[in-house]
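Structure at a glance
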Amino acid sequence: MTLNNRRRLAAGATLIAALAAGVTPTTSAYAAPAVPGAVRATTPAPDMEGVVAALNAAMAEGAPGAMARFTSPEGVQARTVGVRDRDSGAAMDVRARFRIGSVSKTFSSVVLLQLVQEGELELDAPVNRYLPGLLPDDRITVRHLLSHRSGLADYTDAMFEHTVPGFEAVRNRVFSYQELVDLSLSEPRTTEPGVAYKYSNTNFVVVGMLIEKITGKPVVKEYQRRIIGPLGLRNTSYVHPDVRIAGMHAHGYLHPDEAGAPLVDSTEQTASWAQSAGAVISSTADLNTFVTALMRGRLLSPRMLEAMTTVTPTDATNTRFYGLGLRRYDLSCGTRVYGHTGTVQGYYTYAFATGDGRRSLSAMANTSNKGSANTALGGTLEAAFCGKKPAATASSPARPRSSMTPAESDLPEHR
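Let me sum up the structure you'll find in this document.

Reading guide: rules and limits
Residues numbered from 1 in each chain as written. Predicted model: local features only at pLDDT ≥ 70, side-chain atom pairs only at ≥ 80, totals over all residues. Heavy atoms only, no water. Buried < 20%, exposed > 50% of the residue type's maximum accessible area, 1.4 Å probe, protein only. Helix = DSSP H or I, 4+ residues; strand = E, 2+ residues; numbered from the N terminus. Contact = heavy atoms within 4.5 Å. Axes fitted to C-alpha atoms, helices over the stretch in contact; angles between N-to-C directions. Parallel < 35°, antiparallel > 145°, perpendicular 65-115°, else oblique. Phe/Tyr/Trp six-rings, centres within 6.5 Å; stacked < 30°, edge-to-face > 60°. Pairing = 2+ DSSP bridges. Disulfide = S-S within 2.5 Å. Salt bridge = Lys/Arg side-chain N within 4 Å of Asp/Glu carboxyl O. Polar contact = N/O pair within 3.5 Å; in protein donor to acceptor, adjacent residues only side chain to side chain.

Our focus in this paragraph is helix H13 (residues 302-309). Every buried residue of H13 is listed here: Met304, Leu305, Ala307, Met308 and Thr309. Elements in contact with the buried residues of H13: helix H4 (104-117), helix H12 (284-295) and strand S10 (336-344).

This is the structure in structure tokens:
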């Protein structure tokens, strides 16, 4: 018998003895498959051609440029199309900063939920307990604000009834939180507290007021201390009421109400009409980091993250839901992604991650007030998280990504 044969027999005898004794062999030959291999076996590869097609579709609907950045255990993939500055012709650059609009609501929600877990306030307590006399109804709770179920009217409906004139009237204006709340309270309430979802920027203006009242500090300090600093978000800032975006950035372009009217460069603005509801500036990489960290539990306790991701439907499609400052989309392949959409004059943004935080996508088109462009940009989610669609058959023809449910508007649109 050769030496190799004797070694194989000895190894086999050792294995049999170990199994008989109920001992798990330690040899790597019998180890379970590595996690990355299991993920690759069950998770579709991103369809980056489909991502580019969605970006190009947004351009076809009037965006000067668009970009997307996808992260997964396999690495980072980014794509850009068009320009970030129409005057200079500078190409869109995935490193460029931009206004993220209502993705800011998730930042504000994280800060407030951290304060809840620190015992500084209660989710189901009346807002008026912390801001006495602010609201006309003691039944409106902190949770109602974060879930858009307060019934407070959205002051932007009247503010931007006429898109360009409305924007130019507030482009350089500086509002107090109280002024914005007063604009809302001058309108009829939309629902009774807690009855139904009705998106309103007013809710997150009040969230900003709560943060500042409880901490005694401006929201920018709390964003920095609790999110931006710990996560190392070097391209994320809150500069209100400064009108500039520092460093390399994408210019934003606003579509007027009138078909065929020229785009308006809306890059420089105070964004004071939004503040804690939508005035954060960031980049695709920072947004990937933020939503990934959130879903991996780096920013909130398990209890608070569960509260944030407990959702209710926002429409009749049974694919869109809202939690606490967080959207959930159920995609065609069954994947659930969590994050937020963002609209501010000149920019549409998507920032979403899977529930385990292993995959994330951030995408931006530098236009706004044209829902078809927003809907087209949303096609990046399906392409990135669901991969290539199966080939069409006679009984099951392929459905173009552009036929998805129209994008939700975070600001009024009149086109």
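Turning our attention to the packing of H4 against helix H11 (residues 219-231). For the pair H4 and H11, the least separation of the axes is 10 Å and the interaxial angle reads 80°. Considering their axes alone, H4 and H11 lie roughly perpendicular with respect to each other. On the side of H4, the interface is formed by Ser104, Phe107, Ser108, Val110, Val111, Gln114 and Leu115, while H11 contributes Glu222, Tyr223, Arg226 and Ile227.

A word on the packing of aromatic side chains. Scanning the entire structure with this criterion turns up eight aromatic pairs. Ring centres 6.3 Å apart and planes at 80° place the aromatic pair Phe107 and Tyr223 in the edge-to-face group. Of this pair, Phe107 sits in helix H4 while Tyr223 sits in helix H11, and the two are 116 residues apart along the sequence. Side by side, Phe107 and Tyr223 carry an identical accessibility label, which is buried. A centroid spacing of 5.1 Å and a plane angle of 85° characterise the contact between Phe160 and Trp273, whose relative ring orientation is edge-to-face.

The next thing to look at is the sheet that holds strand S1 (residues 65-72). The eight strands lie next to each other as S2-S1-S12-S11-S10-S9-S8-S7, forming an open sheet whose pairing is antiparallel. Two strands in the sheet have a free side with no partner beyond their single neighbour: strand S2 (75-82) and strand S7 (312-313). Relative to strand S8 (residues 320-322), S7 runs antiparallel, the two being bridged by two bridges. Bridging across to S8, Thr312 finds its partner in Tyr322. Packed on one face of the sheet, helix H14 (residues 371-386) meets S1, strand S9 (327-330), S10, strand S11 (347-354) and strand S12 (360-365) and runs near 20° to S11.

This part covers the pairing of S2. Note that S1 and S2 share eight bridges and pair antiparallel. Following the sheet pairing, Arg69 is matched in S2 by Ala78.

All right, on to unusual backbone geometry then. At the junction of His240 and Pro241, the peptide bond is cis and its omega measures out at 5° in the coordinates. You will see that Gln275, though not glycine, has its phi angle at about 50°, which is positive.

The next point concerns the state of the cysteines. Within this structure, the stated rule accounts for one disulfide. Note that Cys333 is cross-linked by a disulfide to Cys386, the S-S spacing being 2.1 Å. Taking the sign of the S-S torsion, about -70° here, the bridge from Cys333 to Cys386 comes out left-handed. One end of the pair, Cys333, is in the loop between S9 and S10; the other, Cys386, is in helix H14, with 53 residues separating them in the sequence. Since its relative accessible area comes to 38%, Cys333 is described here as partly exposed.

Further remarks concern the pattern of salt bridges. In this structure the tally under the stated criterion is 18 salt bridges. In this structure, Arg95 and Asp93 form a salt bridge, with 2.8 Å as the shortest nitrogen-oxygen distance. Classification of Arg95 as exposed rests on a relative accessible area of 57%. Note on Asp93: relative accessible area 17%, which makes it buried. Among the ionic pairs, Asp330 bridges to Arg328, the shortest N-O distance being 2.8 Å.

Time to look at the environment of Ser102. Checked against the element boundaries, Ser102 lands in the loop between strand S3 (98-99) and H4. A sequence separation of 246 residues divides Ser102 from Tyr348, and the C-alpha atoms of the two residues are 9.4 Å apart. Each residue touching Ser102, except ones within four places of it in the same chain, is listed here: Tyr199, Asn201, Ala277, Gly278, His340, Thr341, Gly342, Thr343 and Asp410. At 2.8 Å, the side chain of Ser102 and the side chain of Lys105 are in polar contact.

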